[in-house]
Amino acid sequence: MAQWSSAIPLPATLSATSSNAVSTKIQAVMATSGLDGDLAKALQILDIEAGEIINVGQASATSVRRCVRRRAVLHAASALAEYEPLISELRAIRFEIDGMKTACGRMMTQAMGVQKASGHLLEQVDTLQNTRRKITVRRMVHDAFLRRFMLSEEHTLALLNLEPADNNFFDALSQTEAVHGRCQSLLSLEDNGLGLELLKQLSQLQDSAYAKLYRWSTYQLKQAQLINLHSETQLVKAIGALKARPTLFDQCLEHIAYARKRQAAESLVQALVRGKNGARPIELAAHDSLRFVGDLLAWLHESVATEYEGLEFLVSSRQSGAAGSGGPRSVDRKKLTHLIDDVLSEVMPTLQRRVDQVFAHSDVSREVSLQISTLVHFYATLLSKMLLEESAVLRSLDSIEASAQRRFSQHTQALLTAVRSAPPVIGPSLATPDFITDLTADLHVACRILHDSFLAFDDRSRQLNEMFEVQIRSAVDLCAKASSEIEQPASSIYLLNIARLIERTLEGFNFANNAADIVSSIIARCEQLLIVDQSEHLMRESGVSSLQEMLDNGQRPDEHAHQIVRERLMTYLPHAADDLDRRIELVDERRRINNINKAAALKFLASLEQPGILGDLKYPSDQARLLLGL
């Protein structure tokens, strides 16, 4: 405010006369008001005019008001003159605004017309969009249906072209199987005509594809010089795919069997004459019967294992899930066994004939024959884990084993036949007959061979039991029949010594427990008979038996009878032990003689203690025990 008031100089008249009211008021306004530049200039002009008025003199207030109004009019006229161009501009603007309103009205009218016209277009656009969405959905459904229930042109071409079966073919065949399975679901629809038509087309396509696959497979099998199922992956895959057509699959297996049959025969000839994989020829071991047969059986086992490994995949199938799903495989062992038998059908007669030639030589010992029999049984057991029991290969091995067994048992059967026709005569020495000695020698050889073999415990036990039943049991029965014609105790001693010889032969072989139990029962029965006979002998020699007979008949012995028995008893007992030993001294073991006599003496003492045997006089039991050696 100080700057503005100092910047506007006051007129001299106002500054000189302090009592001038106008000047004072202006000065006050300027001093107290916040004036801008334009207002300051207006007040300055008013101050100048006021000065002019004052300088004129003491005019009347009316003159002053007139002058002021005149000046106001002049200023208003000046202002109007200055606003004239602005008014013209405003009028022009108003004119333009009116024109624009007119134009906008026309545009509004046109827009309403366009809106009415475009409403039909929008409805058509909505209709087209809805139609487009429906077509898109139908196309998606159509494409999905084609992918799920139809084969592509590439797959169809791969199945029907004349090219060899390759990965594209198998992929197309797998896709065909999958599509065929999915088409089955269409049959559950109310209108199943489409499903039937698709299944018909797919079935025709599958038949053509499998026919092509069968022709290609049989061609490959006929052209191949050496069928190796481990390297011919495409061929194996093709034959495996034919499992869906059992007839074609079986025919392919027949082609495989025919091709591998020829290879098996060639392999046997090579192993016999030239050797296989660097090994020495089998024929070079012809002088060693056991090794020769062992090499033949080893070749047979290797051949069966190779065929089994190569053909197992072909005849196996998934138990659950589709092919390639990783599920467990189920092997058709019956078909596999038949296939291996067919492959080896030309080899087995040759192999069996060569083994029979070994047995035809007279220099083959019975021990070697039994070793061969055990070896054949061992390989038959191994092969039975791969083949079924009705296999022709296993039947051939059983025949070879039976031939070896017959060779081993020829001498034994001859001995038994001779004994049956002319039973042995039991001499006073009760010596073990020679044929029993020979049989036990053969039994020991058999036990040693079985013990050294690779057979399982059950197989060893079974073979030994069969040999025991056929040979030893028959021989023991013949001896028992012969011993029944002689008196006791010789009869029991004869059988006891024979049974003990057999028992000693079986000792040390745990797989012979069943046979040993049978022999032990025979020994126990013979010992029991000897104990009873020795006890009865004591009763007879001591006279006690007469008293026992009277008591058994219901008679009461008198004092005289008791006295006779007491005297006889006192006379016999001091020599009873020696008498008992003399009667069974031909028993082979002294320990067994003592055990039998001890049991007989105890039985005799128990008879003496019965009421009424010795009357009122009791023979001292301690003295009796001492005399009997107890």
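To be clear, the structure that these remarks concern was listed above.
Rules behind the numbers
- Residues numbered from 1 in each chain as written.
- Predicted model: local features only at pLDDT ≥ 70, side-chain atom pairs only at ≥ 80, totals over all residues.
- Heavy atoms only, no water.
- Core = buried A, V, L, I, M, F, W, Y, C linked by side-chain atoms within 4.5 Å.
- Buried < 20%, exposed > 50% of the residue type's maximum accessible area, 1.4 Å probe, protein only.
- Helix = DSSP H or I, 4+ residues; strand = E, 2+ residues; numbered from the N terminus.
- Contact = heavy atoms within 4.5 Å.
- Axes fitted to C-alpha atoms, helices over the stretch in contact; angles between N-to-C directions.
- Parallel < 35°, antiparallel > 145°, perpendicular 65-115°, else oblique.
- Left-handed = near helix turned anticlockwise from the far one by under 90°.
- Nonpolar A, V, L, I, M, F, W, Y, C, P; charged D, E, K, R; others polar.
- Phe/Tyr/Trp six-rings, centres within 6.5 Å; stacked < 30°, edge-to-face > 60°.
- Polar contact = N/O pair within 3.5 Å; in protein donor to acceptor, adjacent residues only side chain to side chain.
- Patch = residues over 30% accessible without salt bridge, like charges linked within 9 Å, V, L, I, M, F, W, Y side chains within 5 Å.
- Areas by Shrake-Rupley, 256 points an atom, 1.4 Å probe, with all protein chains shown as cover.
- Salt bridge = Lys/Arg side-chain N within 4 Å of Asp/Glu carboxyl O.

Asker: Just to check I follow, could you spell out the nonpolar core for this structure?
Answerer: Note that soluble globular proteins tend to have their nonpolar side chains buried in a common cluster. Core analysis: the biggest nonpolar cluster contains 118 residues, and Leu-213, Leu-300, Leu-344, Leu-397, Ile-502 and Leu-506 have the highest contact counts within it. The greatest single-element share of this core, amounting to eleven residues, is contributed by helix 11 (residues 289-315). The residues touching Leu-506, leaving out its near neighbours within four places in the chain, are Leu-443, Cys-447, Leu-464, Ala-512, Ala-515, Ala-516 and Val-519.

Asker: Is there a simple way to think about unusual backbone geometry in this case?
Answerer: Apart from glycine, the bulk of residues carry a negative phi angle, and the bulk of peptide bonds sit in the trans form. Omega for the peptide link from Gln-488 to Pro-489 comes to 5°, which places this bond in the cis form. Within the element layout of this structure, Pro-489 appears in the loop between helix 17 (457-483) and helix 18 (490-506). Even without a glycine there, the phi angle at Leu-430 is positive, about 55°. Structurally, Leu-430 is set in the loop between helix 15 (392-421) and helix 16 (434-452). By relative accessible area, which is 7% here, Leu-430 ends up buried.

Asker: Looking at this structure, how should I read the packing of helix 19 (residues 513-542) against helix 22 (residues 590-608)?
Answerer: Each pair of packed helices gets described by two things: the angle between the helix axes and the distance between those axes. For the pair helix 19 and helix 22, the least separation of the axes is 8 Å and the interaxial angle reads 50°. Overall, the two elements helix 19 and helix 22 adopt an arrangement that is oblique. Here the hand of the crossing between helix 19 and helix 22 comes out right-handed. Residue-level inspection shows Ile-523, Glu-527, Leu-530, Ile-531, Gln-534, Ser-535, Leu-538, Met-539 and Ser-542 of helix 19 in contact with helix 22, the latter providing Arg-592, Ile-596, Asn-597, Ala-599, Ala-600, Ala-601, Lys-603, Phe-604 and Ser-607. When the residues that make up the contact of helix 19 with helix 22 are grouped by side-chain class, the tally is ten nonpolar, five polar and three charged.

Asker: Help me out: how do you make sense of the packing of aromatic side chains in this one?
Answerer: Two aromatic rings are characterised by how far apart their centres lie and by the angle between their planes. Going through the model one piece at a time under the given rule, you end up with three aromatic pairs. Arranged with centres 5.6 Å apart and planes meeting at 40°, the rings of Phe-378 and Phe-454 form a pair that is tilted. Here Phe-378, found in helix 14 (residues 366-384), pairs with Phe-454, found in the loop between helix 16 and helix 17; they are 76 residues apart in sequence, far enough to count as distant. The class of Phe-454 is exposed, set by a relative accessible area of 67%.

Asker: Sorry, what's going on with the packing of helix 11 against helix 13 (residues 347-360) here?
Answerer: The geometry of helix 11 relative to helix 13 is characterised by a closest axis approach of 10 Å and an angle of 170° between their N-to-C directions. Taken together, helix 11 and helix 13 sit at an angle that is classed as roughly antiparallel. Contacts from Ser-289, Phe-292, Val-293, Leu-296, Trp-299 and Leu-300 of helix 11 reach helix 13 at Val-347, Met-348, Leu-351, Arg-354, Val-355 and Val-358. Residue composition of the contact of helix 11 with helix 13, grouped by class: ten nonpolar, one polar and one charged.

Asker: Is there a simple way to think about the environment of Ser-546 in this case?
Answerer: Inspection of the secondary structure puts Ser-546 in helix 20 (residues 544-552). For Ser-546, a relative accessible area of 34% corresponds to the partly exposed category.

Asker: In this structure, what is going on with the environment of Ile-256? I would like to understand it.
Answerer: Relative to the elements of secondary structure, Ile-256 occurs in helix 10 (residues 246-273). A relative accessible area of 1% places Ile-256 in the buried class. For the pair Ile-256 and Ile-239, spaced 17 residues apart in sequence, the C-alpha separation works out to 9.8 Å.

Asker: Would you mind showing me how to read the side chain of Thr-337 here?
Answerer: Relative to the helices and strands, Thr-337 is located in helix 12 (residues 333-343). Residue classification places Thr-337 among the buried positions, given a relative accessible area of 4%. In this structure the side chain of Thr-337 is engaged in a polar contact, spanning 2.7 Å, whose partner is the backbone oxygen of Arg-333. In contact with Thr-337, other than residues within four places in its own chain, are Met-386, Leu-387, Leu-388 and Ser-391.

Asker: Sorry if this is basic, but what is going on with a nonpolar patch on the surface here?
Answerer: Residues Tyr-83, Leu-86, Ile-87, Leu-90, Ile-93 and Ile-97 make up a contiguous nonpolar surface patch of roughly 530 Å² in combined accessible area. You can see Leu-90 is positioned in helix 5 (residues 61-149).

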